[in-house]
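Fold and geometry: a report
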Amino acid sequence: MYIHIYARNILLILLVVYSYLSMTSSEGSIFSRGSIILILVISTFYFINTFFATGKKTFLYNAWSFLLIINIVGFILTANYFDTQHYGMFLSILATLTPFYPIYYFSKYGLIKSKHLVWFMIAMIPIAILGFYSNQAEIISSGPRTVDNVINNMAYVFVRLMPFVFLIRKRKSLSVLLMAIMMIFIILSAKRGALISGVLILIMFFYDLLSTMQKKNKTTGYIIVLTSISMLCFLAYHFFMQNEYLIIRLMNLAEGNSSGRDRIWSAIFNSWYGDGNFLTFILGHGFAASLVITDGYYAHNDWLELISNFGLVGAVTYLALILSAIRLSFNKNLPFEQRILMKTVVGIWLFISLVSMWYTNMYGYLQSILLAFVVGNHSNLTSGSENILSENSLNSKITSN
């Protein structure tokens, strides 16, 4: 069992290392490639381990696995092997979907706790900040832009990291501070979808703070929490009002300016639904078909990406996956803190899937490991098999590692 603890530690370190390298323009280096290969090797091992294991699996696990399989099969059978964008998209999908399996296994058998993921988040935040400024400098150097009008896609990394704060249950001041830091960088990024996502997470965060107030010293607790919320809102408002470019972009959004997404979405939907081919309607045009349909653009919408690639089969699989995740978020067998975490992750997942890329984004793994953590914990709580019980009894002796 110690080998799984070593695998857990190595995997989390590799994810941090790969994120650092990819965010600082070292993505093509031998170290970057080596780290992502090792991540995929570890993840594949646990995919095989869990997929072929005996015992009943949750519907969410099965839907997640089917989504992975249709993407692998779709890439093998229909990808353009001479187009590097196809390889990039496939790698992003693998990077998002496969780390689910080791974290699911570790969580199911009590080998990963909230503290491990909290430390992972703390390691990732300065890397995300470094990546933010690195990306900003690259954008400014490559075109007629200044610091005041840069649209920084690193915002979504902060959005994906924010739900990790829900795992901090005791040090409320630390959780508020971390939320404030990440929200400030989201505002500075001028990404409209990321800003809306961040606000939604903050609402859930405030609800969590107020709902978990201890009965003793409740009045003092409310004062502290409400003061913290007020300070966080003030900081967010201050930085928002300082960012005139973001305000203009939000006004454009209200006026119907969707940065050309409406034309991309219309082209993809019409190509799928209006094709007139029943086989295309069911199975789609093939892997990364959106690039052909739109002359080089991704859908920036998971649902349209799926129907263009895998037709109705892809969309139904994704719908089933999200519905199963929503159902789990209301499962009373889970502790309250994991239900609120699950609701937050699923809510942001659904929103991002509509306005950007969730499962085809390289950093989607930041949320997939949180999902795996909750799903694995649920499997641990509801399993009654003697094998799992005996393994958990062994885990209780070693989880302090």
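Placed above this text is the structure.
Let me sum up the structure you'll find in this document. Treat the numbers as computed from the prediction; the structure is a model and nothing was measured.

Once that is clear, we can look at the packing of aromatic side chains. For the structure shown, the criterion picks out 40 aromatic pairs. Ring plane angle 90° and centroid distance 6.2 Å describe the contact between W64 and W358, whose orientation is recorded as edge-to-face. With W64 in helix α3 (residues 59-78) and W358 in the loop between α16 (336-355) and α17 (365-382), this pair connects stretches of sequence that are 294 residues apart. A relative accessible area of 0% places W358 in the buried class. Between F269 and Y273 the ring centres are 5.5 Å apart and the planes differ by 15°, which places this aromatic pair in the stacked class.

Before going further, it helps to examine a nonpolar patch on the surface. On the surface, I69, V73, I76, L77, Y81, F82 and Y87 cluster together to form a nonpolar patch covering roughly 760 Å² of accessible area. Ranked by residues supplied to the nonpolar patch, first place goes to α3 with 4 residues.

Bringing the packing of helix α9 (residues 192-211) against α16 into the picture now. Interhelical geometry of α9 versus α16 gives an angle of 165° and a closest axis separation of 10 Å. When the interaxial angle is binned, α9 and α16 end up roughly antiparallel. The handedness of the crossing between α9 and α16 comes out as right-handed. Every residue of α16 that contacts α9 at G193, I196, S197, L200, I201, M204, Y207, D208 and S211 is listed here: F336, I340, K343, T344, I348, F351 and I352. When its residues are assigned to classes, the contact of α9 with α16 shows 10 nonpolar, 4 polar and 2 charged.

If you look at the biggest cluster of nonpolar residues, it comprises 115 residues, and the most contacted ones within it are F120, F164, Y318 and W349. Setting aside residues up to four positions removed in sequence, F120 forms contacts with L12, L15, V16, F164, Y365, L366 and I369. Residues I264, W272, L304 and I307 belong to the second largest nonpolar core, which totals 7 residues.

Definitions and limits used
Residues numbered from 1 in each chain as written. Predicted model: local features only at pLDDT ≥ 70, side-chain atom pairs only at ≥ 80, totals over all residues. Heavy atoms only, no water. Phe/Tyr/Trp six-rings, centres within 6.5 Å; stacked < 30°, edge-to-face > 60°. Helix = DSSP H or I, 4+ residues; strand = E, 2+ residues; numbered from the N terminus. Buried < 20%, exposed > 50% of the residue type's maximum accessible area, 1.4 Å probe, protein only. Patch = residues over 30% accessible without salt bridge, like charges linked within 9 Å, V, L, I, M, F, W, Y side chains within 5 Å. Areas by Shrake-Rupley, 256 points an atom, 1.4 Å probe, with all protein chains shown as cover. Salt bridge = Lys/Arg side-chain N within 4 Å of Asp/Glu carboxyl O. Axes fitted to C-alpha atoms, helices over the stretch in contact; angles between N-to-C directions. Parallel < 35°, antiparallel > 145°, perpendicular 65-115°, else oblique. Left-handed = near helix turned anticlockwise from the far one by under 90°. Contact = heavy atoms within 4.5 Å. Nonpolar A, V, L, I, M, F, W, Y, C, P; charged D, E, K, R; others polar. Core = buried A, V, L, I, M, F, W, Y, C linked by side-chain atoms within 4.5 Å.

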